[in-house]
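Topology and contacts: notes
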Amino acid sequence: MKIAVCIKRVPDMESRFKIAANGVSIDETGLKFDISDFDAYAVEVALQINEKAGSGETTVICLGPDVVQETIRKALSMGADKGVQLKADSVPADSLAIAKALAAELKDGGYELILFGKHSLDAMTGGAGTMVAELLGLPCLTAASKLEISGSKAVARRELEGAAEMLEFPLPAVVTIDEGIARPRYPSLKGIMAAKKKPLEVKGAQLGEVRVIVEKMELPAERPPGRIIGTGPDAVPELVRLLQTEAKVL
Amino acid sequence: MSAERVLFVFVLIVAAGFFSLNVQRLVQYLRRGRDDHRLDHPARRLWNVLRIGIAQAKILRDPVAGPMHAGIFWGFLVLTAGTVELIVQGIVPGFTYARFLPRPVYLAYSASQDAFAALVLAAVAFAFFRRLVLHPRRLDGDKTHHGDAYFILGMIGGLMVTLLAMFAFDGAANPGALGPEKFVSRPLAALLAGVAPATAASVAHTSWWLHVLLVLFFLNYLPYSKHLHVVTSLFNVFFSNTSGPGQKGVMKAMDLEADVEQFGANDVAQLTWKNLLDGYSCTECGRCTAACPANITGKPLSPRKVVINTRQRLMESVGGLPLVQEHAATAVDERHLLDDYITEDELWACTSCRACVQECPVSIDQLEIINEMRRYLVLSESRFPEELQPAFESMERNGSPWAFSPADRGKWAEGLDIPTMAEAFAAGRRPQVLYWVGCMGSFDDRAKKTTVAFARILKACGIDFAILGQEESCHGDPARRMGNEYLYQMLARNAIETLDRYQVRTIVTACPHCFHQLGNEFPQLGGMYEVIHHSTFIERLLEEGRVPLQTEEGQALTVAYHDSCYLGRYNDVYDAPRETIRRALPIAKLVEPERSRDRGLCCGAGGGRMWMEERTGKRINAERTEELLATGADTIAVACPFCMTMMADSVKSREADARVVDIAEVVADRLAPG
Ligand code: SF4
Ligand code: SF4
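Residues numbered from 1 in each chain as written. Chains lettered and ligands numbered in written order. Predicted model: local features only at pLDDT ≥ 70, side-chain atom pairs only at ≥ 80, totals over all residues. Heavy atoms only, no water.

1. Things to note about the overall build of chain B
Assigned secondary structure in chain B consists of 28 helices and eight strands. With 674 residues in all, chain B has 58% of them scored as buried. When contacts within chain B are restricted to residue pairs at least 6 apart in sequence, long-range pairs at least 24 apart make up 79% of them. Counting only carbon and sulfur atoms, one obtains 59% of the accessible surface of chain B, whose full area is about 27,700 Å². Taking the average location of the 69 positive side-chain charges in chain B and that of its 76 negative ones, the two points are 5 Å from each other. (Helix = DSSP H or I, 4+ residues; strand = E, 2+ residues; numbered from the N terminus. Buried < 20%, exposed > 50% of the residue type's maximum accessible area, 1.4 Å probe, protein only. Contact = heavy atoms within 4.5 Å. Areas by Shrake-Rupley, 256 points an atom, 1.4 Å probe, with all protein chains shown as cover. Lys, Arg positive; Asp, Glu negative; His and termini not counted. Charge placed at Lys NZ, Arg CZ, Asp CG, Glu CD.)

2. A look at the environment of B:Thr206
Its place among the elements puts B:Thr206 in helix H7 (residues 197-221). With 45 residues separating them in the primary sequence, B:Thr206 and B:Val161 have C-alpha atoms 12 Å apart.

3. What about the site of ligand 1?
Taken together, 13 residues surround ligand 1, and among them B:Cys292, B:Cys350, B:Cys353, B:Arg354 and B:Cys356 come closest. Residues that form the shell around ligand 1 fall into these classes: 10 nonpolar, two polar and one charged. (Near = heavy atom within 4 Å. Nonpolar A, V, L, I, M, F, W, Y, C, P; charged D, E, K, R; others polar.)

4. Brief notes about the packing of helix H24 (residues 534-543) of chain B against helix H25 (residues 575-584) of chain B
Residues and elements named next belong to chain B. With their axes 8 Å apart at the nearest point, H24 and H25 run at an angle of 40 degrees to one another. Taken together, the axis directions place H24 and H25 in an arrangement best described as oblique. As for how H24 packs across H25, the hand of that crossing is left-handed. Counting all contacts with H24, which are made through Ser535, Thr536, Ile538, Glu539, Leu542 and Glu543, the residues of H25 involved are Ala576, Pro577, Glu579, Thr580, Arg583 and Ala584. (Axes fitted to C-alpha atoms, helices over the stretch in contact; angles between N-to-C directions. Parallel < 35°, antiparallel > 145°, perpendicular 65-115°, else oblique. Left-handed = near helix turned anticlockwise from the far one by under 90°.)

5. What about the domain arrangement of chain B?
Residues and elements named next belong to chain B. In terms of domain boundaries, chain B breaks down into domain 1 (3-33 + 42-224), domain 2 (278-286 + 300-381), domain 3 (388-542) and domain 4 (547-668). Listed as interface residues are 34 residues of domain 3 and, on the opposing side, 35 residues of domain 4. Both faces combined, the contact of domain 3 with domain 4 buries some 2,900 Å², and carbon together with sulfur accounts for 73% of it. Counting every contact that joins domain 3 to domain 4 gives one salt bridge. (Domains from an automatic or database assignment. Buried area = accessible area lost by both parts, 1.4 Å probe. Salt bridge = Lys/Arg side-chain N within 4 Å of Asp/Glu carboxyl O.)

6. Some points on the site of ligand 2
Taken together, the neighbourhood of ligand 2 is formed by 13 residues, with B:Cys282, B:Cys285, B:Gly286, B:Cys288 and B:Cys360 sitting nearest. Its residues assigned to classes, the shell around ligand 2 comprises seven nonpolar, three polar and three charged.

7. Some remarks on the interface of chain B and chain A
Each partner contributes residues to the interface: chain B has 24 residues there, and chain A has 18 residues. Buried area between chain B and chain A, both sides added, is near 1,900 Å², and the carbon and sulfur share of it is 48%. Considering only the surface of chain B that becomes buried against chain A, B:Gln389, B:Arg397 and B:Tyr486 emerge as the three largest contributors, covering 31% of it. In this assembly, chain B and chain A are joined by four salt bridges. Residues B:Arg397 and A:Asp12 are paired through a salt bridge, measuring 3.6 Å at the closest nitrogen-oxygen approach. Of all the secondary-structure elements, those providing two or more residues to the side of chain B that touches chain A are helix H16 (366-380), helix H17 (388-398) and helix H22 (485-501) of chain B. A per-element tally of the side of chain B that touches chain A places H17(B) first, with six residues.

8. Quick notes on empty space enclosed by the protein
All names here are of chain B. Counted by the stated rule, this structure contains eight cavities of 30 Å³ or more. There is about 190 Å³ of room inside the largest cavity. Of all the secondary-structure elements, those providing two or more residues to the lining of the largest cavity are helix H19 (438-443), helix H21 (477-481), helix H23 (512-521) and helix H27 (641-653). Per element, the largest residue contribution to the lining of the largest cavity is four residues, and it comes from H19. Tallied by class, residues from the lining of the largest cavity come to 15 nonpolar, seven polar and two charged. Counting only domains with at least three residues in the lining of the largest cavity, you end up with domain 3 (388-542) and domain 4 (547-668). (1 Å grid on protein atoms, 1.4 Å probe; cavity = no way out; pocket = protein on both sides within 12 Å on 5 of 7 lines; lining within 4 Å. Points joined across faces, edges and corners; volume = space filled by probe spheres on them.)

9. Regarding the pairing of strand E1 (residues 433-436) of chain B
Residue and element names in this part refer to chain B. Burial along E1 is two-sided: the face carrying Val433 and Tyr435 and the face carrying Leu434 and Trp436 are both buried. Where E1 meets strand E2 (residues 465-466), two bridges bridge the pair, whose relative direction is parallel. By the bridge assignment for E2, leucine 434 is matched with alanine 466. Looking at chain direction, E1 and strand E3 (residues 506-509) are connected through four bridges and run parallel. Pairing of tryptophan 436 across the sheet is with threonine 509, part of E3. (Pairing = 2+ DSSP bridges.)

10. Description of the side chain of B:Arg138
With respect to the helices and strands, B:Arg138 occurs in the loop between helix H4 (103-134) and helix H5 (146-173). Residues within four places of B:Arg138 in sequence aside, it is in contact with B:Asp62, B:Ala65, B:Arg130, B:Cys285, B:Gly286, B:Arg287, B:Ala290 and B:Arg304.

11. Some words on the sheet that holds strand E6 (residues 113-117) of chain A
Residue and element names in this part refer to chain A. If you trace the nine strands from one edge of the open sheet to the other, you get E9-E8-E7-E10-E6-E1-E4-E5-E11, paired in mixed fashion. In this open sheet, the two edge strands, each paired with only one partner strand, are strand E9 (163-170) and strand E11 (200-204). The sheet shows a mean angle of 30 degrees between the axes of neighbouring strands, direction not considered. Across five bridges, the pairing between strand E5 (residues 82-87) and E11 is parallel. Across the sheet, residue leucine 86 finds its bridge partner in E11, namely lysine 203. On top of the sheet, helix H1 (residues 37-53) reaches strand E1 (2-7), strand E4 (57-64), E6, strand E7 (140-150) and strand E10 (173-177); it is set at about 170 degrees to E1, its chief contact. Its contacts with the sheet put helix H3 (residues 95-106) on E1, E4, E5, E6 and E11, and the angle it makes with E4 is roughly 145 degrees.

12. Quick look at the sheet that holds strand E6 (residues 589-591) of chain B
Residues and elements named next belong to chain B. As summarised here, the arrangement of the four strands in space is E6-E5-E7-E8, forming an open sheet in which the pairing is parallel. Looking along the sheet, the strands with just one partner apiece sit at the ends: E6 and strand E8 (659-662). Across the sheet, the axes of successive neighbouring strands diverge by a mean angle of 35 degrees, strand direction being ignored. Direction of pairing for strand E5 (residues 558-561) relative to strand E7 (residues 635-638): parallel, over a ladder of three bridges. The residue of E7 that forms the bridge with tyrosine 561 is alanine 637. Across the sheet, H27 is in contact with E7 and E8; its angle to E8 comes to roughly 170 degrees.

What follows is the structure, encoded as C-alpha cells:
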C-alpha cells in the first residue's frame, strides 16, 4: 500500500539547552539532531505494514532546511523507499501553516495511509496530523497504539486512562502514532548504503500564512538544590514545619 | 629390481600421491576464504614458530598434558628422521645414514631412535590412562571426536611397537650387531635369544613392512581427522596474529565503502583463509573452552565449538574429501555457518576476554571468527539483543553509550582547577599530557571517584595536563566490539579529529578499553599517539620518587588484584598495577587468586556484555568475586572502571566485607596532605 509518513527533525532531548541570542529559539550549536521518536515509530509501523503485505511503498516527508535531508536518509536507511523534502528556511511555530504545506504535497499523492507521530518531541503541539486530515477531508485517528489493516478498512487501538478502545475507519485516512506500538528498527549498514541511492526529491514548501509566532523562549526555572535538615527522629519536627510552611503540602 | 621393491615403490607412490592430492584440495578449500595479508613481521612469526611450535611453550602451560604432548611431538620430530631412513631402505636395500654420517653422530642418532620410541610409547600409554581414567573435563563436550583420538593414539602406539620390534628382532637375527647405544632394543633382543635367526629376520622384515605401511596410512588418515594439526599447526602458528606489543587482539578495520553484498561473515566464504586454517588446526583439546568465562558460567558459548564448526561447515560446503563425502550436495547452499552451526546467542555471550586465544596451543584466533560474525549480525541484518539499541543510539547522539548529556562530561572536574584543552590553548599554553577520562570515568558515579583520585595524583606530581571536557566523546570501542564497525569508525574519526586539533601527543587514561583503543587501534585510522595506562604512569611516577607520599605506613590491607583483560591479555600489563600498590602501600599484603595474570578470569563486562543482560547461568562477576574473596583479601583492587562496576556489584550483592578500589585510589589515599 502507498503510505506517507510525515517526520520531523528534533534535537536530542538529553542535551543541555540554551536560548539563542534572538531570545525566541534554542541555540543549536553542539546539539545533535535525530528523527522525532514518535515519528520513528510511525516509520516502523509503515514498514511493517508493507512488509507484511509483501508489497507497497513508503514515502517519508519532512519540512525544513537542507539539514533535514539527513533525517530523511535515516528513515530511508530504516527501509522507507522514497523521501521528499519540503524546503523551508525554518520550521514555523504555526501548525496550520505546516499542515497546509504537507496537505499540498499529500493531496495528489494517492496515499492510502498517512502517518504522523502523535506529536513532535520538541514543540509537542500534535497539531499537524489532525489539521492535515481536516484539510484533505480524511478520517483522522490520533495516538494509535496498534494498527491493523484489512483491505480498505483499518482498526486502531487507543489507550485511555485505565481502558482501551478499538476504532474502525475506512482508508485513506490519517493516523497519528503513539509510542510502544513497534520498536523502531536500528538501520543496518546495508540499509545505510542502500539509502544513499534512494530517491530524495526536494520541493519548495507551500507554507500557509504564519500567524502564530514565538515571542519569547525561557528555560524552566532552576530547581533549588536539596537540603539536609538533619538525621534521625530529631529532624522530624523541622521537616514537618518546612512541609507545612515552605512546601505547603501538609 | 625385486618384486618386493617394485611393490613397495608402488605403494609409496600411491600413498604419497593420494596424500598430496588431499593436501592440494585442502589448500584449495582455504581459498574460499577472504584474502588476508599474513606475511608482515616475518621475524616475529618465525620466533612464534620456534617458541610456540617447536618449543611447545603454550602446550606446556598444562602441567599434565603439556609434557605428555611435548614428549610425543619431540619424539615425532626425531623419529621422522628414522622414518625417512626406513623408507629409503625400501627403495635402496641396506641404506643407512651410517654411510655418510660421522660415527659418533650416527651413534647418537641411533640412540635417539631407541630413546624416543620408548618415550613416545610411554607418553601414549599415559595419554590412554589420562583419557580413560583421569578423564579431564575439558576433553568432553562439543561433540568432540573421542574415537578419533583413541584411533590415533593406537596408531602411534603401533608405530612404536613395530619400530622397536623391528630393532629387537633385527638384533636377535644378527647377534652382536646392536651396540650399547641401542639401550632399549638391545635388552629386548637379548630376551629373544631363543628365536631362530631366520625366524627373527623374517619377523624383523615383517615389522618393517608393518611400520612403513602404518606410517603411510597414518599420513593419509590425517586429512580426515582432527590430527590434521600435525601438518597444519606450525603453519598456523606462523600465520597467526603476530602478538607483538600493541598487536594483540587488534580488530582490523573494515572497508565500509566497499561495494559488497554483505558486511561481516555469516558463512565460511566471508571468513579469511586464516580463519579456515584455524579450523584445520584445531586439536579439539578444549583448553580454550575450559578457560572461557562464558562457558565456565553456563552460557551457550564454547570457543572450541566455534572453531570445530568452522571446519565442519567448510567441509560441508565443499563436499568434503574423497571417500568421505559429507552430506548430500543438495541444500548445502542454503545452509550457513551462522544459525545452522553457530547461534546468535553463542556469539553474544562472548566477553572478548581473549582467554581462548591465550590458551590455544596452536595459536588459533577464536575471537576473530566471533567478531566477524557479530559484524554480520549488526551491519548486515541489524540483529542483536535489544538492550544494545539504546547503547548504539546513545553513542551516536550523545557520544557515550549511556544517555548522559555530553555537556555534563567535564562536571566531575568542577572546582578542581583542571584546565580543558580549549582553556589551555586559549591561554596560549599547550599541555604536555592529555588525560582521556572516558565515558565511565566521566559519568559513572563510582568511576568518577577513580577519575578524581587519578587527577589528584597528577596534580600532586606537578604533571602538566589537561582534559578535553565537553569535547571528549566516545572513541567507539564498545560499538566496534559489539560488531557495529560503522558507528565505531564514525566515532573514532571524530575523536581523532579532536585530538589532532589540539596536537595531542601523549595521552593517559585510567580505562584499559580507552587505552587499548586509542593506543592500538586508532593507528589504523591515522590517530598516532603515545597512550599510557594509569597503572604504568603512576608506577613510573612512584619509581622516580615523584609522588609525595605520607610518611606513616598506612593500613595493612590484604589486597587481591583483579587483572583486566584489556590491560593484561591484550597489552601484557601485569606488573605495573601490582607494583603500584606495593610501592604506594608497602605494608599491604598482595595475594593472588587462583586464576591470575594471563590466566585471569574476566569480570564479565567486556565485548559489550556491559550493556547486555546476563540471563543464562551463573553471573561471571559472581564467579570471579568468589575466587577473589577466597584469597582472604579485604580489598579487591582493579585498574578498570568496567571491572570496578562488576566487582563492586557482586561484592555488594553478597554483602561481603570487602572493599573494591581502583589502584589510583590506593595511591591517592596515600598522598601527603597539602
Ligand atoms: S574471548 Fe573469552 S568469552 Fe569470548 S570465547 Fe574467548 S574465552 Fe570465551
Ligand atoms: S581452538 Fe585451540 S585451544 Fe581450542 S580446542 Fe582447538 S586447539 Fe584446543
